[in-house]
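An overview of the molecular structure
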Amino acid sequence: MADSHSHACCDGHEPPTKPLSEAQVSDHDDCCGSDHGHSHDSADFNLRQELTPIAVAAVLFLTGLIFNERLHNTPYAIAEYAVLIPAYLISGWSVLTTAGRNILRGRIFDENFLMTIATLGAIAIHEIPEAVAVMLFFQVGELFQGYSVGRSRRSIKALLEIRPDTANLSVDGDIRAVAPETVRVGDVIVVRPGEKVPLDGDILEGKSLVDTSALTGESVPRTVAPGEVVLAGMINQSGLLTVRVTKLFGESSIARILELVENASSKKADTEKFITRFARYYTPVVVFLSLAVAILPPLFIEGATQAQWTYRALVLLVISCPCGLVISIPLGYFGGVGGAAKRGILVKGSTYLDTLAQVKTVVFDKTGTLTQGNFRVTDVVTHNGLKKHQLLELAAQVESQSNHPVAQSIRQAYGQTIDTSSVQDYEEIAGHGIRATVNGRAVLAGNDRLLHREAIPHDVCVVDGTVAHLAVDGEYSGRIVIADELKEDAGEAIRALHAQGIQTAMLTGDSQSVADSIAKKLGLDQYRAELLPEDKVEALEGFLHQAKQIKGKVAFVGDGINDAPVIARADVGIAMGGLGSDAAIETADVVIMTDAPSKVAEAIQIAHKTRRVVWQNISFAMVAKAVFIVLGTLGIATLWEAVFADVGVALLAILNAGRIIRNPQ
């Protein structure tokens, strides 16, 4: 979509991240022109290169200004034209050519047209220094914009720079450097100290500290050892690591993140869309109003001269340029997205920043979101004559095919090799547990709902902790109690949200007793337990209905795998620790690159600041424009004031938007 990549200065879109295709360039030029605006592709912004023509034009302009009377007094004012017209063309060539191209294409009313008509009119009434000043200061404003956009983009470029260049592929003992895109799943690579991890994979050999700051924003290195996962973009700091690749480069976490960042600008906030529509109608209104100012007063006001009111009309045209407005708003949102990225929070587009700023309720999943998700067996209770180790062995056999954290904790507690050949007819029952045949006996392993569903008589329904009940051949055989720990900053996250006036809730498939305990410890406002995946969606609908009544939004925070339907249904879906999860990056609107729930409150703070700065810019630009339009119409403001009003508003708005990058909270 070409439109989504157009330049911010002209239509309110954020600057493009990827190089524009031929079709996109054509559409891009229709609005702004390929020449107009060094700042449009800030990735290639070169301050010295952009400053040179401005400096040359400035020298000619100052010469023409200082010696204006002497230059003007030459025959036909040739010397004045010889000095100032080159300055005008150097500083304004891109604006003039863009306006010409757009007129030929039927796209007349934009800021290039306003600038061209105003300055050519000033030259026609022999106000040449003012005409040069309009173009020159406009280019200075563009220069500042380019620099500011470049600064905003640098935080995201830091993310792009973690893209690895090569991978050390190990083949029959030989190691050769290859492009990461050529490495296949199952290949073995070697990561030396100081190198970036090029692809996602499992560590086969070696122990090391890895720097995850580029991915997660966390400054403390993490220790990794055989059996653990490393992700593309991490930096190996100390030991030599041998890694078996688990994902192709195109499917790796870093590749997905880069794609996410590059496409973020296509999802525009409602405020940006409003400004785009506003500029579309505002510009022709200004042109026709200026035309009326030039023509009508001399006809109806006694003593009014055509030259006087034409000058005022030109002043009105310059003042009315919506540059500050359409530059600063997308820049503000871009600053918000970049500032969040610096802190390990990936926002997929400015529209989600707007939604975050309106959130009144945050709903959390429990396991892996508020809790560590590191389950461990704390108790084994037997029935019907089984011994504890027998019950644990039976549970480990039944759970041998499952990837659920509860299953993993049971296998870890068993700690022995599991004979999977004895397990047949394995079936997972979503939201309930597992049914299988073990050594010819029908075994059930799951939650209390599974026992009720299968009509298994049992005497205990409520137990503190997560429970895996077992039944053999229709008779209750015992239970295994598994505990999970709260994350360190879970309490801090809930307190920070409450401090912002946001309601908190939890939806979990775990037992009522576990949910009671977690909610009490954290001080959650509401919670629902023993929910199937479809029950979670239904429960979220209730929160959405409540929030709608108070004109608020609902955010859901989950792990991005089991909770994908709920994440998708929420006004804004947030994936916790989503770097290792394709589902998180695909489904969520915001990806928090650490397992810290406190980042949710931080993301909402950034969204609030971004929205505040954007509306400050809108209000300031509107008021300033209105005041100077009145002054220009009354003849109080000259072209000089008009220039400074236009450029000044743009620069102040840009500087204000830059605050988000420097301090996003």
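Residues numbered from 1 in each chain as written. Predicted model: local features only at pLDDT ≥ 70, side-chain atom pairs only at ≥ 80, totals over all residues. Heavy atoms only, no water.

**Section: the packing of helix H5 (residues 78–104) against helix H6 (residues 111–124)**
Between H5 and H6, the shortest axis-to-axis distance is 8 Å and the interhelical angle comes to 135°. Here H5 lies oblique to H6, going by the angle between them. In this structure, H5 crosses over H6, and the sense of that crossing is left-handed. Residues Ile85, Tyr88, Val95, Leu96, Thr98, Ala99, Asn102 and Ile103 of H5 pack against Asn112, Phe113, Met115, Thr116, Thr119, Leu120 and Ile123 of H6. (Axes fitted to C-alpha atoms, helices over the stretch in contact; angles between N-to-C directions. Helix = DSSP H or I, 4+ residues; strand = E, 2+ residues; numbered from the N terminus. Parallel < 35°, antiparallel > 145°, perpendicular 65-115°, else oblique. Left-handed = near helix turned anticlockwise from the far one by under 90°. Contact = heavy atoms within 4.5 Å.)

**Observations concerning the pattern of salt bridges**
Applying the stated criterion across every chain, the model contains 10 salt bridges. Put simply, aspartate 365 and lysine 536 hold a salt bridge, and the shortest N to O gap is 3.0 Å. Pair noted here: aspartate 365 is in strand S11 (residues 359–365) and lysine 536 is in helix H19 (residues 533–549), with a separation of 171 residues, a long-range link. Under the relative-accessibility criterion, aspartate 365 is labelled buried at 5%. Since its relative accessible area comes to 9%, lysine 536 is described here as buried. Here glutamate 541 makes a salt bridge to arginine 569, at a shortest N to O gap of 2.7 Å. (Salt bridge = Lys/Arg side-chain N within 4 Å of Asp/Glu carboxyl O. Buried < 20%, exposed > 50% of the residue type's maximum accessible area, 1.4 Å probe, protein only.)

**Concerning the sheet that holds strand S2 (residues 174–178)**
Backbone-to-backbone hydrogen bonds pair the strands of a sheet. The strands run either parallel or antiparallel. Read across the sheet, six strands follow the order S2-S1-S3-S9-S4-S7 without closing on themselves; strand pairing throughout is antiparallel. Either end of the sheet is taken by a strand with one partner, and the two such strands are S2 and strand S7 (229–230). Alignment of strand S4 (residues 201–205) against S7, held across two bridges, turns out to be antiparallel. Within the sheet, the bridge partner assigned to glycine 201 lies in S7 and is valine 230. (Pairing = 2+ DSSP bridges.)

**Structural notes on unusual backbone geometry**
Here aspartate 172, not a glycine, exhibits a phi torsion of approximately 50°, which is positive. Mapped onto the fold, aspartate 172 is located in the loop between strand S1 (167–171) and S2. With relative accessibility at 77%, the residue aspartate 172 sits in the exposed group. Phi is positive for lysine 551, close to 55°, though the residue is something other than glycine.

**Looking at the packing of helix H11 (residues 306–320) against helix H22 (residues 598–633)**
For the pair H11 and H22, the least separation of the axes is 8 Å and the interaxial angle reads 170°. It follows that H11 is roughly antiparallel to H22 by the angle criterion. When H11 is examined against H22, the residues Trp309, Arg312, Val315, Leu316, Ile319 and Ser320 are found in contact with a partner set consisting of Lys625, Phe628, Ile629, Gly632 and Thr633. Taken together, the residues that form the contact of H11 with H22 break down as six nonpolar, three polar and two charged. (Nonpolar A, V, L, I, M, F, W, Y, C, P; charged D, E, K, R; others polar.)

**A word on the packing of aromatic side chains**
Tallied over the entire structure, the rule returns zero aromatic pairs. Geometry around tryptophan 309 places arginine 312 over its ring, the cationic atom sitting 4.2 Å from the centre. (Phe/Tyr/Trp six-rings, centres within 6.5 Å; stacked < 30°, edge-to-face > 60°. Lys NZ or Arg CZ within 6 Å of the ring centre and 35° of its normal.)

**Here's the deal with the UniProt feature "transmembrane region" (unreviewed entry) in the protein**
According to UniProt, the "transmembrane region" (unreviewed entry) feature falls on residues 51–68, 74–96, 281–301, 313–334, 618–637 and 643–661. Within residues 74–96, the helical portion is 83% and the strand portion 0%, while the C-alpha atoms at the span's ends are 28 Å from each other. Each end of residues 281–301 is marked by a C-alpha atom, and these two atoms are 29 Å apart; helix forms 95% of the span and strand 0%. (UniProt positions renumbered as here; feature names shortened; annotations may be inferred.)

**Side note on the sheet that holds strand S14 (residues 433–438)**
A sheet is described by the order of its strands in space; here six strands give the open sequence S12-S17-S16-S15-S14-S13, paired in antiparallel fashion. Across the chains shown, the open sheet's two edge strands, defined by having one partner strand only, are strand S12 (376–382) and strand S13 (423–429). Recorded for the sheet is a direction-independent mean angle of 20° between the axes of neighbouring strands. Here four bridges tie strand S15 (residues 441–446) to strand S16 (residues 466–472), and the two strands are oriented antiparallel to one another. Considered in S16, the bridge of leucine 444 is made with alanine 471.

**Some points on a nonpolar patch on the surface**
Among the surface-exposed residues, Ile103, Ile108, Phe109, Phe288, Leu291, Ile295, Leu296, Leu299, Phe300 and Ile301 lie close enough to one another that they form a single nonpolar patch of about 970 Å² accessible area. Of all the elements, helix H10 (residues 270–300) adds the most residues to the nonpolar patch, at six residues. In this fold, phenylalanine 109 is placed in the loop between H5 and H6. Phenylalanine 109 gets classed as partly exposed once you look at its relative accessible area, which sits at 34%. (Patch = residues over 30% accessible without salt bridge, like charges linked within 9 Å, V, L, I, M, F, W, Y side chains within 5 Å. Areas by Shrake-Rupley, 256 points an atom, 1.4 Å probe, with all protein chains shown as cover.)

**A short note on H5**
Between its first and last C-alpha, H5 extends only 32 Å over 27 residues, short of the 39 Å set by a 1.5 Å rise per residue. Glycine 92 marks where H5 bends most, by close to 70°. Downstream of H5 by one or two residues, glycine 106 has phi in the positive range, about 85°. (Expected span 1.5 Å × (residues − 1). Bend = angle between axes of the 7 residues up to and from the residue.)

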